[in-house]
Amino acid sequence: MATKINKTNAARLLDKAAVSYELIPYEVDENNLAAIHVAEQLHEDIQCVFKTLVLHGDKTGYFVCVIPGDREVDLKLAAKVSGNKKADLIPMKELLPVTGYIRGGCSPIGMKKNFPTFIHDTCLHFPHIFISAGIRGLQIKIAPDTLIRYTSALPCQLS
């Protein structure tokens, strides 16, 4: 018997917008929240398992970068594409109050506010990518162009 997957806020928002996606559960390791672990659990290429990072720019404030799980965001590139001179990852303690999400469960869909979103352009190389569904242990499998349209994300170079 299949276990019922409880819908997250991100999934409910996609349902409401009639967006096609799939929820994929995985085993959480509280000591290893890295995207590489998630990719291993999903038996997927790390290049198509994306992590969601929240940054703060000196001019525009908060913005979101969605990048492949094996990459680090280039802060200079992120600042440039977002219209800032300087940008930094927000401190972990700010993640929940700013986004409504915790580390390891941060989704680019359904944050407390709609922040400008930038997605690594390599996402366009895949028929679908994986992003957090908004909780640890659950990923959303979605076509990159669908995610880009839904979040109004700008595909660009971020690492």
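Before reading further, recall that the structure is shown in the block above.
Predicted model, so just to flag it, every value in this text is computed and none were measured.

Considering helix H2 (residues 35-42)
Of the residues making up H2, those classed as buried are Ala35, His37, Val38, Ala39 and Leu42. Considering only its buried residues, H2 is in contact with strand E1 (22-25), strand E6 (129-132) and strand E7 (138-142). Among the residues trailing H2, histidine 43 stands out with phi positive, at a value near 55 degrees.

Overview of unusual backbone geometry
Among all residues save glycine, negative phi is the norm, and among peptide bonds the norm is trans. The residue histidine 43 is not glycine, and still its phi comes out positive at about 55 degrees. Counting through the fold element by element, histidine 43 comes out in the loop between H2 and strand E2 (50-57). Positive phi, close to 55 degrees, is recorded for serine 152, a residue that is not glycine.

Concerning the packing of aromatic side chains
What characterises a pair of aromatic rings is the spacing of the ring centres plus the angle enclosed by the ring planes. Tallied over the entire structure, the rule returns two aromatic pairs. When the centroid spacing of 5.8 Å and the interplanar angle of 85 degrees are considered together, the rings of phenylalanine 63 and phenylalanine 118 count as edge-to-face. Separated by 55 residues along the polypeptide, phenylalanine 63 in strand E3 (residues 61-68) and phenylalanine 118 in strand E5 (residues 117-120) bring together distant segments of the chain. Take phenylalanine 63: its relative accessible area is 1%, and that puts it in the buried class.

Digging into the sheet that holds E2
Across the sheet, which stays open at both edges, the five strands sit in the order E4-E2-E3-E5-E8 with mixed pairing between neighbours. Each edge of the sheet is formed by a strand with only one pairing partner; in this case those strands are strand E4 (87-89) and strand E8 (154-156). Each strand of the sheet is rotated relative to its neighbour by a mean of 35 degrees, with strand direction disregarded. Sheet topology places E5 next to E8; three bridges connect them, and they run parallel. Opposite histidine 120, over in E8, you have cysteine 156 as the bridge partner.

A closer look at the pattern of salt bridges
Under the defined criterion, the tally for this structure stands at five salt bridges. The partner of aspartate 15 in a salt bridge is lysine 7, and the shortest N-O contact between them spans 2.7 Å. For lysine 7, a relative accessible area of 39% translates into the label partly exposed.

So, the pairing of E2
Along E2, six of the eight residues are buried, which leaves the element largely enclosed by surrounding structure. In the sheet, E2 pairs with E3 via eight bridges, with the strands oriented antiparallel. Bridge assignment links phenylalanine 50 to a residue of E3, and that residue is proline 68. Linking E2 back to E3 in an antiparallel pair, the connection comprises three residues.

Definitions and limits used
Residues numbered from 1 in each chain as written. Predicted model: local features only at pLDDT ≥ 70, side-chain atom pairs only at ≥ 80, totals over all residues. Heavy atoms only, no water. Buried < 20%, exposed > 50% of the residue type's maximum accessible area, 1.4 Å probe, protein only. Helix = DSSP H or I, 4+ residues; strand = E, 2+ residues; numbered from the N terminus. Contact = heavy atoms within 4.5 Å. Phe/Tyr/Trp six-rings, centres within 6.5 Å; stacked < 30°, edge-to-face > 60°. Pairing = 2+ DSSP bridges. Axes fitted to C-alpha atoms, helices over the stretch in contact; angles between N-to-C directions. Salt bridge = Lys/Arg side-chain N within 4 Å of Asp/Glu carboxyl O.

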